[in-house]
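Read off the chains here:
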Amino acid sequence: MTTEQNKTFSNRLIEAMKASGHTASRSPSGICITTLSKFAEASEQICRRYIRGDGLPDYEKVIKIAACLNVSPGWLLFGEEQPKQAKPIDDETMHYILHESHLAFKDEPESADEFAGFVLELARDVREINAPKELLHKIINMAVGSIASHKMRERSKHAM
Amino acid sequence: MDLNDKKVTLHPQAEAFLFQHYRVMNKIFHDVLGHLEIDYMGIALLTEADELLFFSSKKSIEFHLIQHKLWPFDACYHPEQFLKKPTLKWMRV
């Protein structure tokens, strides 16, 4: 988890604590640390770290806090962003997918449909992955490599 | 089984496994997707050494969980969830 993720967690925790009325006017964060400590079954010192954005509770504590605040643990940890529009796949990556997939399917002219389906599916998956180009190419290579291993498995099945 | 002793770690090849069996796993998932409004399916496997592996119909989900080290925060991958408790609603995961 990054510092920014810790901070956004802290913001949501404070928001949820305030929304459920667990405020304390004297506390710098405006929420009652003692109550949070009871919810999380953790010391007040540790809870102050959560509130400052210096750390995240472990999974069990998130569940406990979320249940007490009547929010979902997923929201508390990650928030609910608007679904992002998938980024378009760039020409170079698409070219790489087509090139590598074509090589893998070239011995099977009868499987044009399968080739098209495979490319479409891989392009969809790759589009949703945020990773550097080198890693994307590695992923494409692994996926395309699975065509050969699938063929071998099929052949050995028929040979038996 | 004593769940307190169970410490799940990520299999060193977890990321590669997501894509190494791409074609065959996609064929299997395609048989299920679309039925009963299922639009996503993931399988988590635990090795004898308590190392976690994934197969998924939407690999970007597990890929990002691995890349950003977020998988320990997902209830699906906690021993007490997958060994003991019944089905959880999506909101509780």
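So, how was this worked out
- Numbers given to residues run from 1 along each chain, matching the order in which its sequence is written.
- Naming scheme: in the order in which they are written, chains are lettered from A and ligands are numbered from 1.
- The predicted nature of this model means local features are confined to residues of pLDDT at least 70 and side-chain atom pairs, given and counted, to a pLDDT of 80 or more, with totals for whole chains, interfaces and linings taken over all residues.
- Secondary structure elements follow DSSP: runs of H or I of four or more residues count as helices, runs of E of two or more count as strands, with numbering from the N terminus.
- Three exposure classes are used, based on other C-beta atoms lying within 10 Å of a residue's own C-beta, which is placed from the backbone: buried for 20 or more, exposed for 12 or fewer, and partly exposed in between.
- Any residue pair is listed as a contact if its two C-beta atoms, each placed from the backbone, are within 7 Å.
- The residue classification treats Ala, Val, Leu, Ile, Met, Phe, Trp, Tyr, Cys and Pro as nonpolar and Asp, Glu, Lys and Arg as charged. All others, Gly included, are polar.
- Between the N-to-C directions of two axes lies an angle of 0 to 180 degrees, each axis being a line fitted to C-alpha atoms and, for a helix, fitted only over the stretch in contact.
- Here the angle decides the label: under 35 degrees means roughly parallel, over 145 means roughly antiparallel, 65 to 115 means roughly perpendicular, and every other value means oblique.
- Any two strands between which DSSP finds at least two bridges are classified as paired.
- Per residue, pLDDT captures the predictor's confidence, and it can take any value from 0 to 100.
- Core membership is restricted to buried Ala, Val, Leu, Ile, Met, Phe, Trp, Tyr and Cys residues, and these are joined into a nonpolar core through C-beta atoms within 7 Å.

A look at the overall build of chain B
Move 1: Per the secondary structure count, chain B includes 4 helices and 3 strands.
Move 2: Burial status across chain B gives 19% buried among its 93 residues.

Here we look at the interface of chain B and chain A
Move 1: With 18 residues of chain B at the interface, the matching set in chain A holds 17 residues.
Move 2: If you list the elements that add at least two residues to the side of chain B that touches chain A, you get helix H1 (14–20), helix H2 (22–30) and helix H3 (59–67) of chain B.
Move 3: Counting residues per element, the side of chain B that touches chain A draws most heavily on H2 of chain B, at 4 residues.
Move 4: Here the side of chain B that touches chain A is composed, by residue class, of 10 nonpolar, 5 polar and 3 charged.

Topic: unusual backbone geometry
Move 1: Not every positive phi belongs to a glycine, and Glu41 of chain A is a case in point at roughly 55°.
Move 2: Taking the C-beta count within 10 Å as the criterion, Glu41 of chain A has 11 such neighbours and is therefore assigned exposed.
Move 3: Of note in the backbone geometry, Lys69 of chain B takes a positive phi value of approximately 55° without being a glycine.
Move 4: Checked against the element boundaries, Lys69 of chain B lands in the loop between H3 and helix H4 (79–84).
Move 5: On the basis of neighbour counts, which here come to 11 C-beta atoms within 10 Å, the residue Lys69 of chain B falls in the exposed class.

A short note on the packing of helix H2 (residues 33–40) of chain A against helix H3 (residues 44–52) of chain A
All names here are of chain A.
Move 1: Relative orientation of the contacting elements H2 and H3 amounts to 100°, with a least axis distance of 9 Å. Of the possible angle classes, the one that applies to H2 and H3 is roughly perpendicular. Of the residues in H3, those touching H2 at Ile33, Thr34, Leu36, Ser37 and Ala40 are Glu44, Cys47 and Arg48.
Move 2: Split by residue class, the contact of H2 with H3 holds 4 nonpolar, 2 polar and 2 charged.

With respect to the sheet that holds strand E2 (residues 42–46) of chain B
Residues and elements named next belong to chain B.
Move 1: The sheet built from 3 strands is open, its strands ordered E1-E3-E2 with mixed pairing. Of all the strands in the sheet, just strand E1 (9–10) and E2 have a single pairing partner and so form its edges.
Move 2: One ladder, built from 5 bridges, connects E2 with strand E3 (residues 51–56); its direction is antiparallel. Bridge pairing in E3 places Ile43 opposite Phe55.

Observations regarding the confidence of the model for chain A
Move 1: Per-residue pLDDT for chain A has a mean of 85; in total, 93% of the residues score no lower than 70.
Move 2: Averaged pLDDT values over the elements of chain A bottom out at 84 in helix H5 (residues 73–78) of chain A and peak at 92 in helix H6 (residues 91–105) of chain A.

Considerations on the nonpolar core
Move 1: With 20 residues, the main nonpolar core has Leu122, Val126, Ile139, Ile140 and Ala143 of chain A together with Phe19 of chain B as its most contacted residues.
Move 2: Listing elements by their share of this core, those giving two or more residues are helix H7 (112–127) and helix H8 (133–159) of chain A together with H1, H2 and E3 of chain B.
Move 3: At 6 residues, the largest contribution of residues to this core is made by H8 of chain A.
Move 4: Aside from chain neighbours lying at most four places away, what touches Ala143 of chain A is Leu122 of chain A together with Phe19 and Tyr22 of chain B.
Move 5: Counting 19 residues, the second-largest nonpolar core is a separate cluster that includes Tyr50, Leu69 and Leu77 of chain A together with Phe73 of chain B.

Describing the environment of His22 of chain A
All names here are of chain A.
Move 1: Its location among the elements puts His22 in the loop between helix H1 (3–19) and H2.
Move 2: Here His22 falls in the buried class, since 20 other C-beta atoms lie within 10 Å of it.
Move 3: Considered as a pair, His22 and Ile33 are 11 residues apart in the sequence and their alpha carbons are 8.8 Å apart.
Move 4: With near-sequence residues (within four places) excluded, His22 lies in contact with Met17, Ile31, Cys32 and Thr35.

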